[in-house]
Amino acid sequence: MKLRAVLDANVLYPAALRSLLIDLAVADLYLAFWTNEIHDEWIRNLALHRPELDRAKLERTRALMDRALETALLTDVPPLATAITLPDEDAMCWLQRCTPGQT
């Protein structure tokens, strides 16, 4: 069974690491996955911290990634706070506050 990994925004943010991870997945050494929310996060943060970068080029990178690894984009993924249950209601409240898009 091939190794599977969800590539979070923190590893897609740096161009060299993003390129390496995509190349390894294209070489069929592992299965890479991400979501539209992960794409949104790395692009948003990169655009914020590197305003000289063209947003359209970042979106093009996103499209090229999705095209290069056609099975990588995960859709219909439930938010983390609704995908798990915790025995302590206070912990669930904390989890919801720490999960993007949750209130």
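Structural notes, computed from the coordinates. Quick caveat: nothing in here was measured; it's all calculated off a predicted structure. (Residues numbered from 1 in each chain as written. Predicted model: local features only at pLDDT ≥ 70, side-chain atom pairs only at ≥ 80, totals over all residues. Heavy atoms only, no water.)

## Some details on the overall build of the protein chain
Then comes step 1: Helix and strand counts for the protein chain stand at six helices and three strands.
Then comes step 2: Reading the protein chain from its N terminus to its C terminus gives the helix and strand order β-α-α-β-α-α-β-α-α.
Then comes step 3: The 103 residues of the protein chain split such that 26% are buried.
Then comes step 4: Here the analysis covers contacts within the protein chain between residues at least 6 apart in sequence; of these, 59% occur between residues at least 24 apart.
Then comes step 5: As displayed, the protein chain offers around 7,200 Å² of accessible surface, 58% of which is attributable to carbon and sulfur atoms. (Helix = DSSP H or I, 4+ residues; strand = E, 2+ residues; numbered from the N terminus. Buried < 20%, exposed > 50% of the residue type's maximum accessible area, 1.4 Å probe, protein only. Contact = heavy atoms within 4.5 Å. Areas by Shrake-Rupley, 256 points an atom, 1.4 Å probe, with all protein chains shown as cover.)

## Thoughts on the pattern of salt bridges
Then comes step 1: Per the counting criterion, the structure on display carries five salt bridges.
Then comes step 2: The closest approach of N and O atoms between Arg62 and Asp40, which form a salt bridge, is 2.8 Å. With a gap of 22 residues between them, Arg62 in helix H4 (residues 55–68) and Asp40 in helix H3 (residues 36–49) connect regions that are remote in the sequence.
Then comes step 3: For Arg62, a relative accessible area of 12% puts it in the buried group.
Then comes step 4: Given a relative accessible area of 34%, Asp40 falls into the partly exposed group.
Then comes step 5: Note that Glu59 and Arg55 form a salt bridge whose closest N and O atoms lie 3.5 Å from each other. In this pair, Glu59 and Arg55 both sit in helix H4, four residues apart, roughly one turn of the helix. (Salt bridge = Lys/Arg side-chain N within 4 Å of Asp/Glu carboxyl O.)

## Things to note about unusual backbone geometry
Then comes step 1: At Asp28, a residue that is not glycine, the phi angle is positive and equals roughly 70°.
Then comes step 2: Given a relative accessible area of 45%, Asp28 falls into the partly exposed group.

## Here's the deal with the sheet that holds strand S1 (residues 4–6)
Then comes step 1: The strand order S1-S2-S3 describes an open sheet built from three strands, whose pairing is parallel. Each of the sheet's edge strands pairs with one partner strand only, and the pair in question is S1 and strand S3 (73–74).
Then comes step 2: Here S1 runs beside strand S2 (residues 31–35); their pairing, made up of three bridges, is parallel. Bridged to Ala5 within S2 is Ala32.
Then comes step 3: Seen against the sheet, H3 touches S1, S2 and S3 and runs at an angle of roughly 75° to S2. (Pairing = 2+ DSSP bridges. Axes fitted to C-alpha atoms, helices over the stretch in contact; angles between N-to-C directions.)

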